[in-house]
Amino acid sequence: MQHTSKLPNVGTTIFSVMSGLAKKHGAINLSQGFPDFGSDKKLIDLVSNAMNSGYNQYAPMAGNLALREAIAKKIDLLYGTTYHTENEITVTAGATQAIFTIINTFVKPNDEVIIFRPAYDSYEPAIILNGGKTISVQLEAPNFSVNWNLVKEKINSRTKMIIINTPHNPTGTVFSKEDMLQLQELTKNSNIIILSDEVYEHMIYDGEQHQSACLFPDLKSRSFVVGSFCKTFHNTGWRIGYCCAPKALMNEFMKVHQFNVFCIHHPTQKGIADYMQEPKHYLELSDFYQTKRDLFLSLIKDSQFAFKPSKGTYFQVLNYSNITQEHDVDFAKRLTKQFGIASIPLSVFNDNNIDNKVLRFCFAKKDDTLKKAADILNSI
């Protein structure tokens, strides 16, 4: 049977490759972004209670109303702005489904979508599948900052969408208020849609404030803000997220969403809605992960790796140029096979596979896991 692939250049993701190597060689897996510690028992009990209480049939297409109300309350508490629960908030099967559906809804053949590299690997395939063209803007190492003059040069009449990600995976950087104001100014009086991937919004450190797209009125008017309960509540396997947008944009999103997944696992929605009645469950997350980041960095401060502390996410980028000049993919594989620790090379997310000699490590791990990992890194 002969067929033409719609994604001819897409192979196995680097996450699968590195996790597979970690398993094969019995390595500590700091490559894929998932915690190795358990969820809050209270949340597990609330989801179980929802099942036992009958929340086992279809949820409303937009999501359980109590969960949408909890999302609206959270956004108002954190950012002082509102989304209407009836037509501006949708619960999704993880953030990736929200992202895919947003792109699928609006991007048509020959439309251009600007992304910032290194970029999370789900963006470009969705653009390609819809006939769009990816326009890349490389973040400038070592700080992975945005050259907004370059962004301005890339914008034209074919620009349909700009995808931003803050806090940023894989670099651990965050967009500043000035970055968001620049983006707002560049897109003002245009039809450009902003897809703001904010799944790590509750993991931001050193007193920084998350600059959500919904904080800036003109940006909010053209933006989808995407969040993730999987990341926030340490349950990456639950695949539950959400997106918020003005009614006109969300109406179009829902036309595609209803034929994609229609609705999400109902008892999980109800359990999370009940759990969110105590805001501390997400407000204390930054302190929780900053403690882990600080522990990890204190343990490797005398190693040969160089670093600037991550400003957000639960990832830390380490520069290894004092150790070797190997390509980052080769070094990451050697670390896994020879030393027993798995990471993610950043070049695979860059334009033209630009290699800055950095690897990404996940610190959403038990303290013992981080100590064992640090012992290995200190020995290299």
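Our subject is the structure that appears above.
Note that this is a predicted model, so its numbers are computed, not measured. (Residues numbered from 1 in each chain as written. Predicted model: local features only at pLDDT ≥ 70, side-chain atom pairs only at ≥ 80, totals over all residues. Heavy atoms only, no water.)

Taken as a whole and assessed by the stated rule, the structure comprises 20 aromatic pairs. Between F106 and F224, the ring centres sit 5.8 Å apart and the planes meet at 55°, which makes this aromatic pair tilted. A residue pair is termed long-range when its members are at least 10 positions apart, and F106 in helix α4 (residues 94-106) and F224 in strand β7 (residues 223-228) qualify at 118 residues. F224 shares its class with F106; the two are buried. On the numbers, 5.1 Å between centres and 40° between planes, the contact of F229 with Y242 is tilted. Residue F229 is located in helix α9 (residues 229-232), and its partner Y242 is located in strand β8 (residues 241-244); the two are separated by 13 residues in the primary sequence. (Phe/Tyr/Trp six-rings, centres within 6.5 Å; stacked < 30°, edge-to-face > 60°. Helix = DSSP H or I, 4+ residues; strand = E, 2+ residues; numbered from the N terminus. Buried < 20%, exposed > 50% of the residue type's maximum accessible area, 1.4 Å probe, protein only.)

Another point: the sheet that holds strand β12 (residues 358-362). Pairing within the open sheet is antiparallel, and its three strands lie in the order β9-β12-β11. What marks the edges here is a single partner per strand, and that holds for β9 (315-319) and β11 (344-345). The strands touched by helix α14 (residues 328-339) are β11 and β12; relative to β12, the strand with the most contacts, the crossing angle is about 45°. (Pairing = 2+ DSSP bridges. Contact = heavy atoms within 4.5 Å. Axes fitted to C-alpha atoms, helices over the stretch in contact; angles between N-to-C directions.)

Most of strand β4 (residues 133-138) sits out of view: five of its six residues are buried. Direction of pairing for strand β3 (residues 112-117) relative to β4: parallel, over a ladder of six bridges. The residue bridging V113 from the neighbouring strand is T134, located in β4. In the classification by handedness, the crossover that spans β3, the intervening helix α5 (residues 123-129) and the parallel β4 is right-handed. (Right-handed = clockwise from strand over helix to strand, strands pointing away.)

A few words now on the packing of helix α2 (residues 41-52) against helix α11 (residues 266-275). Orientation of α2 relative to α11, taken along the N-to-C sense of each, is 130°, at an axis distance of 8 Å. As summarised for this structure, α2 and α11 are arranged oblique, according to the angle between their axes. For the crossing formed where α2 meets α11, the hand is right-handed. In this structure, α2 contributes K42, L43, L46, V47, A50 and M51 to the contact, and α11 contributes P267, T268, K270, G271, I272, D274 and Y275. A class-by-class count of the residues in the contact of α2 with α11 yields eight nonpolar, two polar and three charged. (Parallel < 35°, antiparallel > 145°, perpendicular 65-115°, else oblique. Left-handed = near helix turned anticlockwise from the far one by under 90°. Nonpolar A, V, L, I, M, F, W, Y, C, P; charged D, E, K, R; others polar.)

Moving on, we come to the pattern of salt bridges. Tallied over the entire structure, the rule returns 18 salt bridges. A salt bridge links K42 to E278, with the shortest nitrogen-to-oxygen separation between them at 2.1 Å. Taken together, the residues span a long stretch of sequence, with K42 in helix α2 and E278 in the loop between α11 and α12 (280-283) at a distance of 236 residues. Among the residues examined, K42 registers a relative accessible area of 36% and is labelled partly exposed. E278 sits in the partly exposed class, given a relative accessible area of 28%. In this structure, K270 engages D274 in a salt bridge whose closest nitrogen and oxygen atoms are separated by 2.9 Å. Here the residue K270 and the residue D274 both occupy positions in helix α11, the gap between them amounting to four residues, near one helical turn. For K270, a relative accessible area of 16% gives the class buried. One salt-bridge network, held together by shared partners, links K42, E278 and K280. (Salt bridge = Lys/Arg side-chain N within 4 Å of Asp/Glu carboxyl O.)

Across the sheet, seven strands lie side by side as β2-β8-β7-β6-β5-β3-β4; this open sheet has mixed pairing. Of all strands in the sheet, those with a lone pairing partner are β2 (89-92) and β4, marking the two edges. The sheet shows a mean angle of 20° between the axes of neighbouring strands, taken without regard to direction. Alignment of β3 against strand β5 (residues 159-165), held across four bridges, turns out to be parallel. Pairing of V113 across the sheet is with M161, part of β5. Helix α10 (residues 247-257) rests against β2, β6 (193-197), β7 and β8 of the sheet, and its axis sits at about 30° to β2.

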